[in-house]
Amino acid sequence: MNTPTHALINWTAAKAVPVESFPTSAVLLGSVAPDIPLYFLSIGGGLYYRFVKGEPVDRVGEILFQDLFYNDPWWVSLHNVLHSPTVLIALLAGLYFSLGREAFAGSWWVWFCGSCLLHTLVDIPVHHDDGPLIFWPLNRTYRFASPVSYWDPAHYARIVMPLEGLLAVGLALRIWWTRS
């Protein structure tokens, strides 16, 4: 799913939680944080392979997203550290046991990890073969093979993409309408 849509989904979900207030920065940063490493890897890798290695433009995308994305340990690790439900649930459990029940719900880190987890749970069903590594770092290859993809026309993106757009517009209007 597109990163801005994650921010809209997570903000809407956080507003629905029955608490007096929540750390806005944790929710918003957590909604986009899982995607940030891939942006930096893509920009850096694209510049390196195009201008240092002299690869043609069409070959750069192939190197980045058909080779490094799946096979390079640094790319795999950096992209999945905040996309892994295993890691995020372990972090939340660690926070629960270290903070205690009373402080857990108000912790900035709990909201951040929860927001990253929601991002991941939304990503899993809309990625055909390029979704999060669900059990990373315990398993470095398993991805849920969803029948749909938000970007790949071979897997219903012509349907999913407009639906995501409608969802984003609807959530943005809802946020604007109910702002306080």
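One can find the structure itself at the top, above this paragraph.
Because the structure is predicted, anything quoted here is derived from the model rather than measured. (Residues numbered from 1 in each chain as written. Predicted model: local features only at pLDDT ≥ 70, side-chain atom pairs only at ≥ 80, totals over all residues. Heavy atoms only, no water.)

### Some points on the overall build of the protein chain
Now for step 1: Along its length, the protein chain carries nine helices and zero strands.
Now for step 2: If you list the helices and strands of the protein chain from N to C, you get α-α-α-α-α-α-α-α-α.
Now for step 3: In terms of overall dimensions, the protein chain has a C-alpha envelope of 55 × 40 × 30 Å along the principal axes.
Now for step 4: Taken over 180 residues, the protein chain has a buried fraction of 41%.
Now for step 5: Taking the intrachain contacts of the protein chain between residues at least 6 apart in sequence as the baseline, contacts between residues at least 24 apart amount to 56%.
Now for step 6: If you sum the accessible surface of the protein chain, you get close to 10,500 Å²; carbon and sulfur atoms cover 69% of it.
Now for step 7: One way to put it: in the protein chain the 10 positive side-chain charges average out to a point 5 Å from where the 13 negative ones average out. (Helix = DSSP H or I, 4+ residues; strand = E, 2+ residues; numbered from the N terminus. Buried < 20%, exposed > 50% of the residue type's maximum accessible area, 1.4 Å probe, protein only. Contact = heavy atoms within 4.5 Å. Areas by Shrake-Rupley, 256 points an atom, 1.4 Å probe, with all protein chains shown as cover. Lys, Arg positive; Asp, Glu negative; His and termini not counted. Charge placed at Lys NZ, Arg CZ, Asp CG, Glu CD.)

### Considering the packing of aromatic side chains
To describe a pair of aromatic rings, you give the distance between the ring centres and the angle between the ring planes.
Now for step 1: All chains considered together, the criterion is met by twelve aromatic pairs.
Now for step 2: Aromatic side chains Tyr96 and Phe104 sit 5.3 Å apart centroid to centroid with 75° between the ring planes, which places their arrangement in the edge-to-face category.
Now for step 3: Aromatic pair Trp108 and Trp109: ring centres 4.8 Å apart, planes at 80°, arrangement edge-to-face.
Now for step 4: By the ring-pair criterion, three or more aromatic residues cluster together here, those being Trp11, Phe22 and Trp111.
Now for step 5: The cationic tip of Arg50 hangs over the ring face of Phe51; the distance from NZ or CZ to the ring centre is 5.8 Å. (Phe/Tyr/Trp six-rings, centres within 6.5 Å; stacked < 30°, edge-to-face > 60°. Lys NZ or Arg CZ within 6 Å of the ring centre and 35° of its normal.)

### A closer look at the side chain of Glu164
Now for step 1: You can see Glu164 is positioned in helix α9 (residues 157-177).
Now for step 2: One buried charged side chain, Glu164, makes no salt bridge at all; its nearest oppositely charged neighbour is Arg158, positioned 15 Å away.
Now for step 3: When sequence neighbours within four positions are dropped, the list of residues in contact with Glu164 reads Met1, Asn2, Thr5 and Tyr150. (Salt bridge = Lys/Arg side-chain N within 4 Å of Asp/Glu carboxyl O.)

### Structural notes on the environment of Pro162
Now for step 1: When you line up the elements, Pro162 lands in helix α9.
Now for step 2: Between the C-alpha atom of Pro162 and that of Tyr150, which follows or precedes it by twelve residues, the distance is 9.2 Å.

### Looking at the packing of helix α1 (residues 3-16) against helix α2 (residues 24-32)
What describes two packed helices is the angle between their axes and the distance between those same axes.
Now for step 1: Interhelical geometry of α1 versus α2 gives an angle of 145° and a closest axis separation of 8 Å. In the crossing of α1 with α2, the sense of the turn from one axis to the other is right-handed. Residue-level contacts link Thr3, His6, Ala7, Asn10, Trp11 and Ala14 of α1 to Thr24, Val27, Leu28, Gly30, Ser31 and Val32 of α2.
Now for step 2: Residues of the contact of α1 with α2, tallied by class, amount to six nonpolar, six polar and no charged. (Axes fitted to C-alpha atoms, helices over the stretch in contact; angles between N-to-C directions. Left-handed = near helix turned anticlockwise from the far one by under 90°. Nonpolar A, V, L, I, M, F, W, Y, C, P; charged D, E, K, R; others polar.)

### So, unusual backbone geometry
Now for step 1: Cis rather than trans, the peptide bond between Trp136 and Pro137 has omega equal to 5°.
Now for step 2: Note that Pro137 resides in the loop between α8 (108-123) and α9.
Now for step 3: At Tyr156, a position not held by glycine, the phi torsion is positive, near 70°.
Now for step 4: Secondary-structure assignment places Tyr156 in the loop between α8 and α9.

### A look at α1
Now for step 1: For α1, built from 14 residues, the straight-helix expectation of 20 Å at 1.5 Å per residue is met to within 8% by its first-to-last C-alpha distance of 20 Å.
Now for step 2: When we look at burial in α1, the residues that qualify are Thr3, Thr5, His6, Ala7, Ile9, Asn10, Trp11, Thr12 and Ala14.
Now for step 3: Turning to α1, the residues buried within the fold contact α2, α3 (36-52), α8 and α9. (Expected span 1.5 Å × (residues − 1).)

Any functional reading would require information beyond the geometric quantities listed.
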